[in-house]
Amino acid sequence: YMTTKRTIDIITEGFSDVMSARRKYVLELPSGQKIDIYFPPLTRFDRQKAQTAVGTDDALMVSTQLLCQIAQKEDGSKMFALADAIDLQRMLPEKVLNDIELFLFELKIDVETAKND
């Protein structure tokens, strides 16, 4: 007889390839050096964990926390410590952090359109 799979198992197995795929962001430093940052897909669990860690739902705090939480080196190891979020916010131009975080969230912003709104 055939065992019936639970719906949750069918759904999660159906997305297993998506969940194992990482996207690469290339950060170019002013010196010309390039740093590759890899991002696995963002989950609701990741977002809740980041909100809990920062103790607020402030979008800027949460997004940088998420960056530190899920960014990976090519080998899959963590790129940042969770405590690095404050240094990133304090010591990088906001545009740089915005660009990385927009990539993390898979958001594409048309700056010209945004200016006109």
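Quick caveat, the model's predicted, so the values are computed rather than measured.

Enquirer: Give a description of the overall build of the chain that names residues and reports values.
Expert: When helices and strands are tallied, the chain shows seven helices and two strands. Against the globule reference of 13 Å for 117 residues, the chain gives a C-alpha radius of gyration of 17 Å, more extended than a compact globule. Overall, the C-alpha framework of the chain stretches about 65 × 35 × 30 Å when taken along its three principal axes. A total of 117 residues make up the chain; the buried ones form 23% of that total. Side chains of the chain carry 15 positive and 19 negative charges; the gap between the two charge centres is 4 Å.

Enquirer: Can you tell me about the packing of helix α3 (residues 44–54) against helix α4 (residues 59–70), naming the residues and giving the values?
Expert: Remark: α3 packs on α4, axes separated minimally by 9 Å, with the N-to-C direction vectors making an angle of 115°. The handedness of the crossing between α3 and α4 comes out as right-handed. Residue-level inspection shows Asp 46, Arg 47, Lys 49, Ala 50, Gln 51, Ala 53 and Val 54 of α3 in contact with α4, the latter providing Met 61, Val 62, Gln 65, Leu 66, Gln 69 and Ile 70. Here the contact of α3 with α4 is built from residues that sort into seven nonpolar, three polar and three charged.

Reading guide: rules and limits
- Residues numbered from 1 in each chain as written.
- Predicted model: local features only at pLDDT ≥ 70, side-chain atom pairs only at ≥ 80, totals over all residues.
- Heavy atoms only, no water.
- Helix = DSSP H or I, 4+ residues; strand = E, 2+ residues; numbered from the N terminus.
- Rg over C-alpha atoms; globule rule 2.2 N^0.38 Å.
- Buried < 20%, exposed > 50% of the residue type's maximum accessible area, 1.4 Å probe, protein only.
- Lys, Arg positive; Asp, Glu negative; His and termini not counted.
- Charge placed at Lys NZ, Arg CZ, Asp CG, Glu CD.
- Axes fitted to C-alpha atoms, helices over the stretch in contact; angles between N-to-C directions.
- Left-handed = near helix turned anticlockwise from the far one by under 90°.
- Contact = heavy atoms within 4.5 Å.
- Nonpolar A, V, L, I, M, F, W, Y, C, P; charged D, E, K, R; others polar.

Scope: geometric values only; no functional claims are made or implied.
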